[in-house]
Amino acid sequence: MKRRSQTRAANDKAVFKKPLAKTGALTMAQYSSDVIWQLASQYWSPDTKAKHLPYSSKIIERIYNEEISSEIGGHSARRINMLEFSQYLEQYLWPHYQRESATHAHLMSIVIMANEKFRERVEVWSVFENLPDQYTSFFSHVLESCLPAEGAKEARSSLQERTALLMFINHCFNSMEVELCRERAKGIVSLSMWHCLQPKRREQELREVPEWRKYWKRLLKKEKETKPEVLWERHFMQNLIIDFLNIIESIPAEGDVNPSVVHYCERFLEFIIDLEALLPTRRFFNTVLDDCHLIVRSLLSPLVRREEGKLFGQLLDMLKFYTRFEINDVTGSSLTDHDMTQLHYKKITSLQRAVFAKFPSLRVFALSNVATVDNRESLEQHFGGLDGEGLRQIATFLNLVPEEVSAPFEWHRLDEPFLRELLITRHERRCSQLEALNEMPLYPTEQIIWDENVVPSEYYTGESCLALPKLNLQFLTLHDYLLRNFNLFRLESTYEIRQDIEDAVSRMLPWQSEDGDVVFGGWARMALPIASFAVVEVAKPHLGEKKPSRVRADVGVTLSVRREIKGEWENLRKHDVCFLITVKPTQPYGTKYNHREPFIPQVGLVSVRGCEVEGMLDANGRVIEDGPEPRPQLPGEQRSYRVWLDSNQYRLDMDDLQEGADDVYESFNILMRRKPKENNFKAVLETIRHLMNTECVVPPWLHDILLGYGHPAAAHYSNMPNQERILEFNDTFLDYEHLQASFPIYELKCELPDEQRVPPYRLTFEDVLIRKESDAESDEEEEGNEDKVELTRSIVVQPYKYEARGPYPSDKPKQNSIRFTSTQIEAIRAGMQPGLTLVVGPPGTGKTDVAVQIISNIYHNHPNQRTLIVTHSNQALNQLFEKIMALDIDERHLLRLGHGEEALETEKDYSRYGRVNYVLAKRMDLLSQVQRLQEALGVSGDNAYTCETAGYFYLYNVMARWEKFQSQMLAHREEADVAKLRSVFEKEFPFGKFFADAPQPLFKGASYEELLETAGSNFRYISDIFNELEEFRAFELLRTGLDRSKYLLVKEAKIIAMTCTHAALKRKELVNLGFRYDNILMEESAQILEIETFIPLLLQNPLDGLNRLKRWIMIGDHHQLPPVIKNMAFQKYSNMEQSLFTRLVRLGVPTVDLDGQGRARASICSLYKWRYKKLEDLQHIFARDEYKKANAGFAHDYQLINVEDFKGVGESEPNPYFYQNLAEAEYVVAVYMYMRLMGYPASKISILTTYNGQKHLIRDVINARCGNNPLIGWPHKITTVDKYQGQQNDYILLSLVRTKAVGHLRDVRRLVVAMSRARLGVYVFARVSLFKNCLELQKTFKLLTERPLQLSLVPNDNYPTDRLTDYPVGKQSIKTIENMSEMAQFVYERYMAKMEELKGTLPTEEELQAIRNELPQEDEDNEAEESTDEPPEKRAAKEEADSKKKKTTEAFKPTPILNEINTDAAEVDQVEKEEEKASEEPQETTPTEES
């Protein structure tokens, strides 16, 4: 019996292309019967440690030869995955590795297992760090195996093995944050490698950098007695390059080529690119690479011109780009276009001097200006006539090649084609990167969209390399940083666009008609056939540009579609991106589209071009502008849109047209739109490109850290020169004991007695030096006092009072009520200080509360500074904003940008226009108070008409009376009689009549000072009215809502909140407005893409060449899931999923790790707390009743339930990677129904799973079994673990789905999210034998497997139960469920018992009729809808059921739920007959299972 999601997927099976072989898709039965599993049990499995046989190197040899070596069998990838999963590396290979006795098979086994771990993206280096002493000799062993032995013709390793070795070395260089790797890797690419340069070239380089000559001389002194192995490593990189050149030049121009040779060449270029893309590795290596002429010799090799060499050619272009990158290798500073031009001129003039001295025949070249001779054509013309000897003389003069080919430089080429290409390539004019970027079209075309090397398919395995940039720890310059992110963001968007195009066009079914035209046999919601297309404007280029300044076109379509789809098309907004597609199908009428076959040949796709909507045209051909007034209703179905085309792309297409290509703009026949949420890529790309064209001014204290250089702690507040010594913590502390507990390592000094030590507190940190601007020796002083400061850590505590703001109760400031832990206080302190603050917040540790308190404290400590809040999602931003509103922050200073403010749970509108309306309403309210004050003072005139008149009234009437009152009161300050003094104050106070509605008496003080303070607070109330009106004065001058909203954003708001996407989309607009801010706080930082984290730093123009940013607080958790990247290649190969937060943590930037969780039971927290440095439980976890009491109906608060195959089936895969498990789905739903029958509220239960396929299956099972049943209904959520990150519920039912391979739960971050969503109970349904053996998950599954693996119920419990968690349950009270079928039967019986119980409480037919008669007639039609927990898509079924209820007049007759899980065919037939018989009578049904 199949659910709908299974049936749907099964029907579509032919639609998807099934991968031929998938790594690791083995059942547990295959594992246990496999020879690898048997060997693991005998030799290294942790489960059989007591029975292990002695170590044998022959076992390693046997496994390598029979299972790993790729020459034997074609299934090695699967076998390798199996070995890695069995912990072969951790338990057997590495513990027994000894350099002296290790065989080649042992070495290669370690390397291949490590590479497999990298491919699976699981932790690797911790294995080697367990035995670090062996790593040095192991790494040397790896290096030696990469090259032929000295004097040997053949290499020690095969080419496949050398590819694996090379990949391992590359992984080492890409893990420079690991000390083990860093120490060994940096020695290979240090200055000592310059020993292998030609002597004259080395001398030339040292002459240019005198500083390096000093180091070189020092190096020579040290190395008088150098060990042979050191000399060998010094020449390793050069020897590796020479070996590569020999391989690449041996490839024939025609005929067969070994794929492993091509693969090795591709991996080698990847390795060299990665070395060039990191400053520490390129600094000296770049010169050696240039001396080897690798690029020139690769360009001349036959592989570049072969079909198999396409990827190789793309990688070569990347390498060429990085070898000539705009960076000074010596200083690491970025070079401008002018600097690069000067370097280019220097090379050309050197060449001209060489030619002038050696070749009189080239005198014209030598005397020409640079611009005429530095292009390829000119250079070929001048050097084409020279013979090999002449070319050699020039190259020798320039120190490019040795004078003669002899040892140790016998590998150099001196043939004529090589020397000519060398001179031309070296001296041709380099295209500016920025110019190339500005000329690049932002919309992808068909050539990029379907290029597998650039935009790989969805199922990237990680076994091949790609021509893609990588995001690792470090970047060369800010330009490099932005460029890599630009390219990856563009390609990730291209991948999503490809999916949308394939979906829309395949639905439209383009066919070729009999007369050769295109006809469409289907339809698509997101695409329409184009009726007409015409380019209507090509504007002249701007000065100095080649592209047209603007290209506009009109697109006509026919909207003969459903009304709601027509509305979607008519609501296309300005700047929405659409795609123009040309198809010329060859398939005849009626051909079905086959998703298994390639897309382009089937639909005949020819071209794709992007466009941006300007607007829809009215009947007169004018663009209908967006505005407050409603759009005009257009007659008929014909609609035309004015669109902007990409000027760069148009220019390229016109150039191609001149060369004989077809005109793509005459053949478009499909217009495709995309969902608005997924369609912001162009705006983000334009933002990044704009950043690259402007001078990116990053704060100097942040620049090096962003690029991955310098000391990781340089931007920590303790190292900042402007660290604040005195901080006012406002309402952070609840009492003095809280203050003491918050600073355990500090000595607190307070001169006041205990009863006066009440918050708020002003703290002076005595371990912070008092810095004077004129003190030139401050740094030396700091160094001298370091020890002293460390020993005398003390804080001077000064309680202070808030200035009262008025006599009304509402004037009292809102107070924080959270007792922050000492770690949270450290995070708050760090956030208040200038610099970079990273807060790691495990689940339930109060990240949002800390963030809100930091914002509040900055707001009060620095009232003139502005803070920008950025989050990943609108939901997180709204949570943060709701908590900010609860603190003492004036709401006129709050602003929320973007489209998520409607989800705020408040009646107030914090959007730009909402705030404008608030200000205008507030202004009227304040002016009415001014009017009241005027009347109270008896002043005539129209003083409360505007903010300006109110200002004059304040100055001449209010202030004058207040100053007079102050001078009068001075005469009475010696008065001892309090009653008399109070009467004087009451009589003389000029505003007493105004405060007549305040609590009386107005003056309650017992001394002159207290009375004067009361008067002062009352006057502050009045003064604040006029101060606010002065701020609102601009709103009287600005007349439009747009101008007012801009003023609000730029001047008035102090706390501005937006999502990272909004920041990326609106950067240009914000900068042009003159937006300014001083602090940034980012929530969910570990979920934000690197580039989307960086853009908010630059939402303002620099002030005097400096960025005014003072604080950057990032709060996140890198142990939870990273940003979502849809394409696996960009996620795995390019590491695009790495957030900036995670990268900074990897770099060693100091973090504040919150360590007190208050969400989950202590037992549940133990399932994931091991992943964090320190995570304790807060006191209320042990004190509150909900945590003390057990989960009703369950013997345990968490449990792992083993789910075996149902009818021989475990996981199924109806479509590729669409995993489902019917047994788990049924089991989870049965437990959910049991909980509902116990009395658990549906809103407190969420069902999670690790795969989308299972999510759909569970929804179908719920719908079939209980979704429309009012007794049970829908749970709060049914979704995936990934989607549920950031949310929580009391009870979680979790299905892990897989039974053949662990799958992506191997990513520990996903496990942490899954286990940390529950507060009171989590029940995990899985195949225990599979998951318990996974190394990465062992710590969690060890705890889970300590409890019974069969579901343990306590059926006689009631909800809520009084049973305590630590109360032992008797065996007789526990019901153990053996399998899913038994649970289904048990729930069925329980449901029927419940129905019998309810039957007696149901009203009879006569009672129902009497109730109906009493109801008012009109209520029948306007019956209020009941709130349900069902998803929106299920409401239709509910409404249909409700309509049936109204029609029937029969009493309720329950239909028994059929337990179809363990009934045989005969029973099913019998029940069906009974149902048919019963269906003849009208009755209301309880939902039964769908067949």
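Criteria and thresholds
Residues numbered from 1 in each chain as written. Predicted model: local features only at pLDDT ≥ 70, side-chain atom pairs only at ≥ 80, totals over all residues. Heavy atoms only, no water. Buried < 20%, exposed > 50% of the residue type's maximum accessible area, 1.4 Å probe, protein only. Helix = DSSP H or I, 4+ residues; strand = E, 2+ residues; numbered from the N terminus. Pairing = 2+ DSSP bridges. Axes fitted to C-alpha atoms, helices over the stretch in contact; angles between N-to-C directions. Patch = residues over 30% accessible without salt bridge, like charges linked within 9 Å, V, L, I, M, F, W, Y side chains within 5 Å. Areas by Shrake-Rupley, 256 points an atom, 1.4 Å probe, with all protein chains shown as cover. Salt bridge = Lys/Arg side-chain N within 4 Å of Asp/Glu carboxyl O. Expected span 1.5 Å × (residues − 1). Phe/Tyr/Trp six-rings, centres within 6.5 Å; stacked < 30°, edge-to-face > 60°. Lys NZ or Arg CZ within 6 Å of the ring centre and 35° of its normal. Contact = heavy atoms within 4.5 Å. Parallel < 35°, antiparallel > 145°, perpendicular 65-115°, else oblique. Left-handed = near helix turned anticlockwise from the far one by under 90°. Nonpolar A, V, L, I, M, F, W, Y, C, P; charged D, E, K, R; others polar. Lys, Arg positive; Asp, Glu negative; His and termini not counted. Charge placed at Lys NZ, Arg CZ, Asp CG, Glu CD. pLDDT = per-residue confidence, 0-100.

So, the pairing of strand S5 (residues 577-583)
For step 1, the next point in the chain: Extensive coverage of S5 is indicated by the burial of seven of its seven residues.
For step 2, the next point in the chain: Both faces of S5 are covered, namely the face carrying Val-577, Phe-579, Ile-581 and Val-583 and the face carrying Cys-578, Leu-580 and Thr-582.
For step 3, the next point in the chain: In this sheet, strand S6 (residues 605-616) lies alongside S5 in antiparallel orientation, the contact comprising seven bridges. For Thr-582, the partnering residue across the bridge sits in S6 and is Ser-607.
For step 4, the next point in the chain: Of the pairings in the sheet, the one linking S5 to strand S8 (residues 670-673) comprises four bridges and is antiparallel in character. Note on S8: the bridge partner recorded for Cys-578 is Arg-673.

A short note on the sheet that holds strand S10 (residues 747-749)
For step 1, the next point in the chain: Read across the open sheet, the four strands follow the order S9-S11-S12-S10; overall the sheet is mixed. The sheet is open, and its two edges are formed by strand S9 (726-728) and S10, each paired on a single side. Here the strands of the sheet are splayed against their neighbours by 25° on average, with no regard to which way each runs.
For step 2, the next point in the chain: Examined bridge by bridge, strand S11 (residues 761-765) and strand S12 (residues 794-799) share five bridges and lie antiparallel to one another. Bridging from a neighbouring strand, Phe-765 pairs with Ile-795 of S12.

Re a nonpolar patch on the surface
For step 1, the next point in the chain: A cluster of nonpolar side chains, namely Tyr-952, Leu-955 and Tyr-956, defines an oily patch on the protein surface of about 370 Å² accessible area.
For step 2, the next point in the chain: One can find Tyr-952 in helix H40 (residues 947-970).

Comments concerning the pattern of salt bridges
For step 1, the next point in the chain: What the rule picks out here adds up to 95 salt bridges.
For step 2, the next point in the chain: One salt bridge connects Lys-682 with Glu-686, and the closest N-O pair in it is separated by 2.7 Å. Of the two residues, Lys-682 and Glu-686 both sit in helix H32 (residues 681-693), four residues apart, roughly one turn of that helix.
For step 3, the next point in the chain: Lys-682 gets classed as buried once you look at its relative accessible area, which sits at 9%.
For step 4, the next point in the chain: Judged by its relative accessible area of 34%, Glu-686 falls in the partly exposed class.

Considerations on helix H28 (residues 478-508)
For step 1, the next point in the chain: For H28, built from 31 residues, the straight-helix expectation of 45 Å at 1.5 Å per residue is met to within 8% by its first-to-last C-alpha distance of 45 Å.
For step 2, the next point in the chain: Directly beyond the C-terminal end of H28, a positive phi value near 50° is found at Leu-509.

Section: the packing of aromatic side chains
Aromatic ring pairs are defined here through the distance separating the ring centres and the angle between the ring planes.
For step 1, the next point in the chain: As enumerated under the stated definition, the model contains 80 aromatic pairs in all.
For step 2, the next point in the chain: With centroids separated by 5.4 Å and ring planes inclined at 40°, the aromatic side chains of Phe-1075 and Tyr-1077 adopt a geometry described as tilted. Side by side, Phe-1075 and Tyr-1077 carry an identical accessibility label, which is buried.
For step 3, the next point in the chain: Summarising the aromatic geometry, the rings of Tyr-1217 and Tyr-1219 are spaced 6.3 Å apart at their centres and angled 80° between planes, so their arrangement reads as edge-to-face.
For step 4, the next point in the chain: A relative accessible area of 35% means that Tyr-1217 is categorised as partly exposed.
For step 5, the next point in the chain: The buried category is assigned to Tyr-1219, whose relative accessible area is 4%.
For step 6, the next point in the chain: One residue, Lys-470, lies across the ring of Tyr-1133, its end atom 4.9 Å from the ring centre.

Some points on the sheet that holds strand S22 (residues 1198-1202)
For step 1, the next point in the chain: Sheet architecture is open: five strands sit in the order S22-S28-S27-S25-S26, paired in parallel fashion. Either end of the sheet is taken by a strand with one partner, and the two such strands are S22 and strand S26 (1277-1280). Averaged over all pairs of adjacent strands, the angle between strand axes in this sheet comes to 20°, irrespective of strand direction.
For step 2, the next point in the chain: The pairing of strand S27 (residues 1289-1295) with strand S28 (residues 1318-1326) spans six bridges and is classified as parallel. Residue pairing in the sheet places Ser-1295 in a bridge with Phe-1325 of S28.
For step 3, the next point in the chain: In the packing of helix H53 (residues 1252-1265) onto the sheet, the strands contacted are strand S25 (1245-1249), S26 and S27, and the crossing angle to S26 comes to about 160°.

Here we look at the environment of Met-692
For step 1, the next point in the chain: Within the element layout of this structure, Met-692 appears in helix H32.
For step 2, the next point in the chain: Residues Met-692 and His-479, 213 residues apart in the sequence, show an inter-C-alpha distance of 6.4 Å.
For step 3, the next point in the chain: The contacts of Met-692, once residues within four sequence positions are left out, are Leu-434, Leu-437, His-479, Leu-482 and Leu-483.

Digging into the packing of helix H10 (residues 159-173) against helix H16 (residues 259-276)
For step 1, the next point in the chain: The contact between H10 and H16 brings their axes to 9 Å, and the two run at 15°. Between H10 and H16, the angle falls in the class roughly parallel. Crossing handedness for the pair H10 and H16: left-handed. Of the residues in H16, those in contact with Leu-159, Gln-160, Arg-162, Thr-163, Leu-166, Met-167, Ile-169, Asn-170 and Phe-173 of H10 are Ser-260, Val-261, His-263, Tyr-264, Arg-267, Phe-268, Glu-270, Phe-271, Asp-274 and Leu-275.
For step 2, the next point in the chain: For the contact of H10 with H16, a count of residues per class yields ten nonpolar, five polar and four charged.

Re a positive patch on the surface
For step 1, the next point in the chain: Taken together, the side chains of Lys-214, Lys-217, Arg-218, Lys-221 and Lys-222 present a region of like positive charge at the surface.
For step 2, the next point in the chain: Within the element layout of this structure, Arg-218 appears in helix H13 (residues 210-222).
For step 3, the next point in the chain: Classification of Arg-218 by relative accessible area gives partly exposed; the value is 48%.

Side note on the confidence of the model for the protein
For step 1, the next point in the chain: Residues with a pLDDT of 70 or more make up 89% of the protein, whose mean pLDDT is 85.
For step 2, the next point in the chain: A low-confidence stretch, residues 71-75 (pLDDT under 50), is modelled with four contacts involving residues beyond four sequence positions or located in other chains.
For step 3, the next point in the chain: Across residues 1443-1491 the pLDDT falls below 50, and counting only partners more than four positions away or on other chains, this stretch makes 70 contacts in the model.

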